[in-house]
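A look at the structure
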Amino acid sequence: MIEHKDREREREREREREIQRLLKQSSSLGLSAFSVTMISLHRSCFLNNSGISGSSSLFSYKLNKLPPASVKATALGPNSDTNASVLIENNKVFKEITQDGTSAAANVDINLTVAGGDREVYYDDAATEDQLVTPWSVSVASGYSLLRDPHHNKGLAFTEKERDAHYLRGLLPPTVISQDLQVKKMMYSIRKYKVPLQKYMAMMDLQETNERLFYKLLIDNVEELLPVVYTPTVGEACQKYGSIFRRPQGVFISLKEKGKIHEVLRNWPQKDIQVIVVTDGERILGLGDLGCQGMGIPIGKLSLYTALGGVCPSACLPVTIDVGTNNEQLLNDEFYIGLRRRRATGLEYAELMDEFMTAVKQNYGEKVLIQFEDFANHNAFDLLAKYGTTHLVFNDDIQGTASVVLAGLVAALKVVGGTLADHRFLFLGAGEAGTGIAELIALEISKQTNMPLEEARKKISLVDSKGLIVKSRIDSLQHFKKPWAHDHEPIKKLVDAVNGTKPTVLIGTSGVGRTFTKEVVEAMAALNDKPIIFSLSNPTSQSECTAEEAYTWSKGRAIFASGSPFNPVEYEGRVFVPGQANNAYIFPGFGLGLIMSGAIRVHDDMLLAASEALAAQVTQENFDKGLIYPPFKNIRQISANIAANVAAKAYELGLATRQPRPKDLVKYAESCMYNPAYRSYR
């Protein structure tokens, strides 16, 4: 993070020097040459640092074939030598506005001599709408455009001084308010919406108009807004993404871009990317194939990387790989925004993904974290295995879910008693999440007891759509299920598997709602004084059972956690607060730990370190309320501790490149975190 900030500051100094050189050059070259030079600078002029606080158009007008008329242009840019601004106006007047308000003028002739008279031409009239125009624009600070730049806009929080300095007079009402009052006002507005999707859209609109206010709002109200910007509401948003789509966010890479992905990534204005969340939309939550509309997931995840883990938003890049969809409803939907074709598979798919992974490393280097999100099982495991040795990759569905569930189990043992090795585990669901959690539990048991991993796996049984996974089925099993094929008679029904394997822990990752029936929960309660029941499938509609069902059917004895949020439940005079085994506990802090240590690979021991750090932060007060996860209101401190543990493990394993190692990793993590408070503009 520190290295990232240093690079940004140096880049700002280079931009300022280049702008000054071009402004001086313009006096001898005239407007046409100067404008062409500026457009060549456009790629690198996305300003987002304290060097130039604000963003807008240096030249913002339209031309077609250098047409008739004298063009009026206004330019505003920083002067690195005098810490002042530069203004070009009225075609001939060059002004340098210094900090004390004085100005020095020099003449610069920027007239274009062509036929057509002196009238101003905007080139938006019907007579020219069939002609090509050039979208001239370079980012520097000025009024109207500054209010439409989400990275620097502050709305009514611009001070009187800033309104004068950045040409905002008359563009805003006269009132100046604080960011805290803006947060209060936004929460008042959002709470008036009764439909969750309306709240989601209001939050997305805010992110696109005032980035710092968005993150301030989310951080200050994380428990209330997390279900709005992520699960469960993001599931509905993805289903309806085509009809609610307004502004593009992130990078869409489709089969049309094959052979050009390196150049496509360069179109993204930010260059120092540290985290990429990428999906191909084939298995969005428990909702299935949503194709290109799965972009809501990377956008939501990266919002949490910033709000919960403190990763700078400019260092985050959401990506959707569009290889088509097999969802007939979307293919026939006139509002669908993706490729209208069946999904690419085999070599065509593999080549596109390989080109993407190569282009990412070429553009952003060895240390960029690539998080795979909501890929179907058959691709998720293959991609993780293929690129795990060559890239810094992490699959949240396999590894993040495993880490957060393991943390919940470790915490639950403080209530139930015993060690992990003393318990027996039964999973409903043998996909990415199920097998990922099972493997991490087995690794932790093996680590704690020195038991061979193969023996540790025997304490864990999995049920898929065909029943209990047993040795007699091994020839027909997918490769990631084979380690869980144990010696046992075949069993079809879940309740029979419960009675047959006698688990102390029941975990649902099936993506199928209401599969933990009353009969199943009562069977768990009959076998255990305090049955541990985790119903993890998202969104809420796909949860294996509700919190109320788990507590009621177990007569208040269950230790329950879910993937989606549930309200507290009152049963026989007691109030039970269900835990939420939300990946958001893990991946933001995990990613921050990788970034701040400069890790180049992800190791399983890092996932165990993240789990241990999360479990350690559950207090006795939390246990007394029935919680096995700490409250989300402390999530930034939780993430800092997870980041420190993960970074420490990276240094221990020799996978960290940022040297020397900080003495206090927790404080260092806190110092690296993005602060959404407004900056003062000069």
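Below or above, wherever it landed, is the structure these notes cover. (Residues numbered from 1 in each chain as written. Predicted model: local features only at pLDDT ≥ 70, side-chain atom pairs only at ≥ 80, totals over all residues. Heavy atoms only, no water.)

**Notes on unusual backbone geometry**
With an omega of -10°, the peptide bond between Asn538 and Pro539 qualifies as cis. Relative to the assigned elements, Pro539 resides in the loop between strand 18 (532-535) and helix 20 (547-553). Put simply, Gln659 and Pro660 share a cis peptide bond, and its omega is 0°. Within the secondary structure layout, Pro660 lies in the loop between helix 24 (635-652) and helix 25 (665-672). A positive phi angle, near 60°, is found at Asn450, a position not held by glycine. As for its placement among the helices and strands, Asn450 is situated in the loop between helix 16 (432-449) and helix 17 (453-457). (Helix = DSSP H or I, 4+ residues; strand = E, 2+ residues; numbered from the N terminus.)

**Looking at the sheet that holds strand 18**
Spatially, 16-15-14-17-18-19-22 is the arrangement adopted by the seven strands of the open sheet, whose pairing is mixed. The sheet terminates laterally at strand 16 (467-468) and strand 22 (579-580), the two strands that pair on one side only. Judged from the four bridges that link them, strand 18 and strand 19 (residues 559-562) form a sheet pairing that is parallel. Residue pairing across strands places Ile532 opposite Ile559, the latter belonging to strand 19. Strands strand 14 (425-428), strand 17 (505-508), strand 18 and strand 19 of the sheet are contacted by helix 15 (residues 396-416), whose axis makes an angle of about 155° with strand 18. Set on the sheet, helix 18 (residues 494-501) makes contact with strand 14, strand 15 (460-464) and strand 16; between it and strand 14 the angle comes to about 170°. (Pairing = 2+ DSSP bridges. Contact = heavy atoms within 4.5 Å. Axes fitted to C-alpha atoms, helices over the stretch in contact; angles between N-to-C directions.)

**Thoughts on the pattern of salt bridges**
Tallied over the full model, the rule gives 29 salt bridges. We note a salt bridge from Lys447 to Glu612, for which the minimum N-O separation is 3.0 Å. Of this pair, Lys447 sits in helix 16 while Glu612 is found in helix 22 (residues 604-615), placing the two residues 165 residues apart along the sequence. With relative accessibility at 44%, the residue Lys447 sits in the partly exposed group. (Salt bridge = Lys/Arg side-chain N within 4 Å of Asp/Glu carboxyl O. Buried < 20%, exposed > 50% of the residue type's maximum accessible area, 1.4 Å probe, protein only.)

**A short note on the packing of aromatic side chains**
This structure, assessed with the given rule, holds 13 aromatic pairs. With centroids separated by 4.7 Å and ring planes inclined at 20°, the aromatic side chains of Tyr551 and Phe576 adopt a geometry described as stacked. Here the residue Tyr551 occupies a position in helix 20, and Phe576 occupies one in strand 21 (residues 574-576), the gap between them amounting to 25 residues. Plain terms: the ring middles of Tyr585 and Tyr629 are 5.3 Å apart, the flat faces sit at 15° to each other, and that makes the pair stacked. Taken as a pair, Tyr585 in the loop between strand 22 and helix 21 (587-597) and Tyr629 in the loop between helix 23 (620-624) and helix 24 lie far apart in primary sequence, 44 residues in all. Like Tyr629, Tyr585 is buried. One aromatic cluster is present, built from ring pairs that chain together Tyr551, Phe560, Phe566 and Phe576. The aromatic ring of Tyr681 is capped on one face by Lys154, whose charged end is 4.5 Å from the ring centroid. (Phe/Tyr/Trp six-rings, centres within 6.5 Å; stacked < 30°, edge-to-face > 60°. Lys NZ or Arg CZ within 6 Å of the ring centre and 35° of its normal.)

From the geometry alone we can't say anything about function, so treat these as descriptive.
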